[in-house]
Amino acid sequence: MLQSVTIGLIGSLAVAGAAYWRKSLSGSGFAAAVLLGTLMYAAGSLAWFGTLIVFFITSSVLSRWKSRKKAAAESGYAKSGRRDAGQVLANGGVGLLLCLAYALWPHPVWWAAYVGVMATVTADTWATEIGGLSRTQPRSIVSGRRVAPGTSGGITPLGLGASAAGGLLIGGTAWTLAALQPGAGAVIGTAEPAFGLLPLLLIGVLGGLAGSLLDSWLGAVVQVMYRCTVCGKEIEKNRHCKAAAVRYRGLAWMTNDAVNGLSSLIGGAVAAAVSLLL
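Below: a short report on this structure. Just so we're clear, the structure is a prediction, and the values are computed from it rather than from any experiment. (Residues numbered from 1 in each chain as written. Predicted model: local features only at pLDDT ≥ 70, side-chain atom pairs only at ≥ 80, totals over all residues. Heavy atoms only, no water.)

Of regular secondary structure, the chain possesses eight helices and seven strands. By the burial criterion, 49% of the 278 residues in the chain qualify as buried. Taking the intrachain contacts of the chain between residues at least 6 apart in sequence as the baseline, contacts between residues at least 24 apart amount to 71%. (Helix = DSSP H or I, 4+ residues; strand = E, 2+ residues; numbered from the N terminus. Buried < 20%, exposed > 50% of the residue type's maximum accessible area, 1.4 Å probe, protein only. Contact = heavy atoms within 4.5 Å.)

In structure tokens form, the structure reads like this:
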């Protein structure tokens, strides 16, 4: 156990430290990432930890990719750029709970749900970062009408394709790492991973798409939204143009972090259901 904690701590410090140095993480985000990664490796080992790291690295790289071009669309987002502790825990907290549940009550369904959670946060991040470059104007997931780029609940074909690709990457990563470490994705004591490559790809893409689409729906319907009193733009944060913004819809507690956490939970549930049918 001590060896696993040490390896997890060293690995988490290295990855989170690099992200902090590259300004992808804030100070609180760095601390949360180290804690999350260390516990993930100690409780679930390589397959669980590595899948989390793949999400984190790809999302960090994409968030910096063509950042100037995406700046206008992202100016109204509640959080962009450096991830804080809230974002880290919203994206990885549910996954950690599933990892701990697996350690206490081993069953393949926890692994499938975890893959769905990681697929959801990856799919959502990829949709946001890559979809923000779409030349096609987004459409509201609720009404189907065209909306301005950056509008909560807006989706594009490019964003949907990016979501599917993110889910497939997580499914493939989970299978690869579990195959390298037999038993990591199955009941302890078995000799092979619980799911083959094709089932995990299916779990990843379906869980990821379901969770990311729910994220968009929640963003359009119940997420708290504000209107800038200076420029009139609809935004996710309570300040814009260096002035306080006015809340005009949504539940006060349904922040961007709450939406991310809830959608990842649903994505994990969908993945678990798919795994039981396979």
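Having seen the structure, we can now continue with the description.
This part covers the sheet that holds strand β3 (residues 225–227). Strand order in the open sheet formed by three strands is β4-β3-β7, and the pairing between neighbours is antiparallel. Taken across any chain shown, the strands that pair with only one partner, and hence form the sheet edges, are β4 (234–235) and β7 (246–249). Where β3 meets β7, three bridges bridge the pair, whose relative direction is antiparallel. Residue pairing for β7: Arg 227 is matched across the bridge by Val 246. (Pairing = 2+ DSSP bridges.)

This part takes up a positive patch on the surface. Among the surface-exposed residues, Arg 22, Lys 23, Arg 64 and Arg 82 lie close enough to one another that they form a single positively charged patch. Its location among the elements puts Arg 64 in helix α2 (residues 27–64). (Patch = residues over 30% accessible without salt bridge, like charges linked within 9 Å, V, L, I, M, F, W, Y side chains within 5 Å. Areas by Shrake-Rupley, 256 points an atom, 1.4 Å probe, with all protein chains shown as cover. Salt bridge = Lys/Arg side-chain N within 4 Å of Asp/Glu carboxyl O. Lys, Arg positive; Asp, Glu negative; His and termini not counted. Charge placed at Lys NZ, Arg CZ, Asp CG, Glu CD.)

Considering the arrangement of structural elements, one finds Ser 275 in helix α8 (residues 256–277). If we ignore the near neighbours within four places in the chain, the residues touching Ser 275 are Val 109, Ala 112, Phe 195 and Ile 203.

This next bit is on the environment of Phe 30. Positionally, Phe 30 belongs in helix α2. With a relative accessible area of 26%, Phe 30 lands in the partly exposed category. Distance in space between the C-alpha atoms of Phe 30 and Val 88 is 8.7 Å, their sequence separation being 58 residues. Beyond its immediate stretch of four places on either side in the chain, Phe 30 contacts Leu 13, Ala 16, Gly 17, Tyr 20 and Leu 25.

This part is about the nonpolar core. Residues Trp 48, Trp 111, Tyr 114 and Ile 203 are the most contacted members of the largest nonpolar core, which totals 39 residues. Listing elements by their share of this core, those giving two or more residues are α1 (2–21), α2, α4 (85–104), α5 (108–131), α6 (157–180), α7 (197–221) and α8. Counting residues in hydrophobic clusters, the runner-up holds five residues, among them Tyr 226, Cys 228, Ile 235 and Ala 245. (Core = buried A, V, L, I, M, F, W, Y, C linked by side-chain atoms within 4.5 Å.)

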